[in-house]
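Architecture at a glance
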Amino acid sequence: MLNPKIVSLLTKQVNNEFFSAYLYLDFANYYEHKGLKGFANWFKIQAQEERDHGMLMYQYLHNNNEYVELDTISRPNKTYEKLDDPLRFALAHECGVTATINEIYAAAEEVKDYRTMQFLDWFVKEQGEEEANTHELISKMELFGGDSRSLYLLDADLGSRTYTAPSLTL
């Protein structure tokens, strides 16, 4: 049986992950509208990943006989003025998600919930990758975004990204 605080934090994170998916679809929508289909593809895949992260946590809770209270998903309220705005918003968002995962991990450690800590190990690693990938994309945009040919090539590169479902077993 999971500690009620852990259940509450994980349930909140399930909803946060679904919001993340919605936010990334909004970013994809912006890039699609700007004609940058590769950037849109990158964010649509990010949205799929976030949805799957939420589903992994959802299933973990159910595997532990816990009910998951689904909440309303808020509308993203971002305004984009420059092409790299969604990238910068994404990095800030991922840093916030990392902090939340760390908070859940610390709470699990406090109550000696080693199973949840082991479950969260994958998410800790994943967040490091998410932040690094987004930071790298921002760096590329800073280097190449001002040149239309380079932006075209970067967009084409991002368009070749394919989705791979997470391999975490519950």
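Residue numbers restart at each chain and count upward from 1, following the sequence in its written direction. Only residues with pLDDT of at least 70 get local features here, since the model is predicted, and only at 80 or more are side-chain atom pairs given and counted; chain-wide, interface and lining totals rely on the full set of residues. Water and hydrogen atoms were dropped before computing side-chain values, which therefore reflect all heavy atoms in the structure.

This part covers the overall build of the protein. Helical segments are the DSSP runs of H or I of at least four residues, strand segments are the runs of E of at least two, and each set is numbered from the N terminus. Counting its regular elements, the protein contains 5 helices and 0 strands. Counting from the amino terminus, helix and strand elements in the protein follow one another as α-α-α-α-α. Radius of gyration means the value over C-alpha atoms here, while the globule rule gives 2.2 Å times the residue count to the 0.38 power. For 170 residues, the compact-globule estimate of 2.2 N^0.38 gives 15 Å, and the protein sits close to it at 17 Å. Seen through its C-alpha atoms, the protein measures out along the principal axes to roughly 55 × 30 × 25 Å. For each residue, the accessible area found with a 1.4 Å probe, counting protein chains only, is set against the maximum for its type, and the residue is called buried under 20%, exposed over 50%, and partly exposed in between. Taken across its 170 residues, the protein has 45% of its residues classed as buried. The contact criterion used is simple: two residues touch if any of their non-hydrogen atoms lie within 4.5 Å. At a minimum sequence separation of 6, the contacts of the protein that also span at least 24 residues come to 82%. As displayed, the protein offers around 9,500 Å² of accessible surface, 51% of which is attributable to carbon and sulfur atoms. Residue burial considers only the protein chains on display, and all accessible areas are found by Shrake-Rupley using a 1.4 Å probe.

Within the secondary structure, Tyr67 is located in the loop between helix 2 (37-63) and helix 3 (85-110). Judged by relative accessible area, which is 63%, Tyr67 ranks as exposed. C-alpha of Tyr67 to C-alpha of Thr11: the two residues are 56 residues apart in sequence and 8.6 Å apart in space.

In this section: the packing of helix 1 (residues 4-34) against helix 3. Any two packed helices are characterised by the angle at which their axes cross and by the distance between the axes. Taken N-terminus to C-terminus, the directions of helix 1 and helix 3 make an angle of 170°; their axes are 11 Å apart at the nearest point. Of the possible angle classes, the one that applies to helix 1 and helix 3 is roughly antiparallel. Lys, Arg, Asp and Glu make up the charged group, whereas Ala, Val, Leu, Ile, Met, Phe, Trp, Tyr, Cys and Pro make up the nonpolar group; the residues left over, Gly among them, are polar. Grouping the amino acids of the contact of helix 1 with helix 3 by side-chain chemistry returns 18 nonpolar, 5 polar and 4 charged. For helices, the fitted line uses only the C-alpha atoms of the stretch in contact; every axis is such a line through C-alpha atoms, and the angle between N-to-C directions lies from 0 to 180 degrees. Roughly parallel means an angle under 35 degrees; roughly antiparallel means over 145; roughly perpendicular covers 65 to 115; every other angle is labelled oblique.

Once that is clear, we can look at the side chain of Asn64. Mapping Asn64 onto the fold places it in the loop between helix 2 and helix 3. Of the residues examined, Asn64 reaches a relative accessible area of 9% and is grouped as buried. Here a polar contact is recorded for every N or O atom pair within 3.5 Å, except that within protein the pair must consist of a potential hydrogen donor and a potential acceptor, and residues adjacent in sequence are included only if both atoms are side-chain atoms. A distance of 2.8 Å separates a polar side-chain atom of Asn64 from the backbone oxygen of Tyr60. Apart from the residues within four sequence positions on either side, Asn64 is in contact with Leu2 and Arg115.

By salt bridge we mean one thing: a side-chain nitrogen of Lys or Arg within 4 Å of a carboxyl oxygen of Asp or Glu. Enumeration according to the criterion identifies 8 salt bridges in this entry. Its salt-bridge partner being Lys44, residue Glu32 comes within 3.4 Å of it at the nearest N-O pair. Here Glu32, found in helix 1, pairs with Lys44, found in helix 2; they are 12 residues apart in sequence, far enough to count as distant. With a relative accessible area of 30%, Glu32 lands in the partly exposed category.

Here we come to the packing of helix 2 against helix 4 (residues 114-144). Helix 4 packs onto helix 2 with a crossing angle of 170° between their chain directions and a minimal axis gap of 12 Å. As the angle between them shows, helix 2 and helix 4 are arranged roughly antiparallel. On helix 4, the residues touching Phe39, Trp42, Gln46, Glu49, Glu50, His53, Leu56, Met57 and Tyr60 of helix 2 are Arg115, Thr116, Phe119, Trp122, Phe123, Glu126, Glu130, Asn133, Thr134, Leu137 and Met141.

Right, let's get into the nonpolar core. One broad trend across soluble globular proteins is that nonpolar side chains are buried collectively. In terms of nonpolar packing, the biggest core is built from 23 residues, with Phe27, Tyr31, Phe39, Phe43, Leu87 and Leu137 touching the most fellow members. Those elements that place two or more of their residues in this core are helix 1, helix 2, helix 3, helix 4 and helix 5 (148-159). Counting residues per element, this core draws most heavily on helix 1, at 7 residues. Among all residues touching Tyr31, those that are not within four sequence positions of it are Leu36, Phe39, Ala40, Phe43, Leu83, Asp84, Pro86 and Leu87. In this structure, Leu2, Val7, Leu56 and Leu120 belong to the second largest nonpolar core, which totals 22 residues. Each nonpolar core is a collection of buried residues, namely Ala, Val, Leu, Ile, Met, Phe, Trp, Tyr and Cys, held together in the definition by side-chain atoms within 4.5 Å.

Even without glycine at this site, Asn65 takes up a positive phi of about 60°. The topology assignment puts Asn65 in the loop between helix 2 and helix 3.

In this section: the environment of Ala99. Mapped onto the secondary structure, Ala99 falls in helix 3. In this structure, the C-alpha to C-alpha distance between Ala99 and Tyr114, residues 15 residues apart in sequence, is 19 Å.

All we've got here are geometric facts, nothing functional implied.
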